[in-house]
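Residue-level structure breakdown
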Amino acid sequence: ESPPAEAGAAALAAACDSLPALRAAMAAFEGCALKHGARSLVFADGNPRARVMIVGEAPGQDEDLAGLPFVGRSGQLLDRMFAAIGLSRHAEAPEEALYITNLLPWRPPRNRDPAGNEAAVMAPFLFRHIELARPDALVLVGKIAVGAVLETSEGITQLRGRWADWRGIPTLPTLHPAYLLRAPIHKREAWADLLSLRARLDG
């Protein structure tokens, strides 16, 4: 049996037929206590018609203040990385654009990792978000996003760069830019993943 909050989220999410409806349903959802400690609902940024959708784990302090995902230091690195393969959250043309969201729309206290139940409760909203955006490719950054979407406990270092399939959408796990800031030696692997994405888009 699913706990009531998860069942409620799944039913609410399934009923949403547009991104504005989904955002409104998330804003009204009372099944996740994180909502009460956050300033903003961080829904998404970029072009919802983009060929590429990026999913991270949760907003941090900068994102909570701005109401947008990936705007702090790791977000700036993310933007530079994707710019290097010709993609931007500010592009209007879907083939050059990015659409960016997170598993959790609210900042966890002190930027801690999402707790297991928080991820499980909010996952149905993320899954509906992906279905409504219908990207040609899905990029999952960091172990939390990868675990939630691909329902795996395998480590990100094992999974990164290996294409998977999520409900018919080609899905690429990669390293989180926050991790790359701490361990720049791994930027080589992240670059290889980006080239793999570029090749898939050009294929």
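Throughout this document, residue positions are counted from 1 along each chain, in the order its sequence is written. Since the coordinates come from a predicted model, pLDDT governs what is reported: local features require at least 70, and pairs of side-chain atoms require 80 or more to be given and counted, while whole-chain, interface and lining totals use all residues. Water and hydrogen atoms play no part in the side-chain values, which are based on all heavy atoms of the structure.

All right, on to the nonpolar core then. Here the nonpolar core consists of buried residues drawn from Ala, Val, Leu, Ile, Met, Phe, Trp, Tyr and Cys, with membership extended through side-chain atoms lying within 4.5 Å. In this scheme, a residue with accessible area under 20% of its type's maximum is buried, one over 50% is exposed, and one in between is partly exposed, where area comes from a 1.4 Å probe on protein chains only. In this structure, I54, F82, F125, L138 and L197 are the most contacted members of the largest nonpolar core, which totals 65 residues. Where helices and strands are cited, they refer to DSSP runs of H or I of at least four residues and of E of at least two residues respectively, numbered from the N terminus. Tallying contributions element by element places helix α5 (residues 116–133) first for this core, with 10 residues. Sequence-distant contacts of L197, defined by excluding residues within four places in its chain, comprise V52, F82, I85, L87, A137, V139, W163 and L172. Working rule for contacts: check all heavy atoms of both residues, and any pair within 4.5 Å makes them a contact.

Let us look at the environment of D62. With respect to the helices and strands, D62 occurs in helix α3 (residues 61–66). In sequence terms D62 and L126 are 64 residues apart; their C-alpha atoms lie 21 Å from each other. Residues within four places of D62 in sequence aside, it is in contact with V71, G72 and R73.

A few words on the pattern of salt bridges. Throughout this description, the term salt bridge denotes a Lys or Arg side-chain nitrogen within 4 Å of a carboxyl oxygen of Asp or Glu. Tallied over the full model, the rule gives 11 salt bridges. Among the salt bridges present, the one from D45 reaches R89, with a minimum N-O distance of 2.9 Å. With D45 in strand β1 (residues 45–46) and R89 in the loop between α4 (73–83) and β3 (98–102), this residue pair connects regions lying 44 residues apart in the sequence. Since its relative accessible area comes to 6%, R89 is described here as buried. Here R167 makes a salt bridge to E131, at a shortest N to O gap of 2.8 Å. Separated by 36 residues along the polypeptide, R167 in the loop between β5 (164–166) and β6 (169–174) and E131 in helix α5 bring together distant segments of the chain. A relative accessible area of 52% means that R167 is categorised as exposed. On the basis of relative accessible area, E131 is assigned to the partly exposed category, the value being 30%. One network of salt bridges, with partners in common, ties together D45, D79 and R89.

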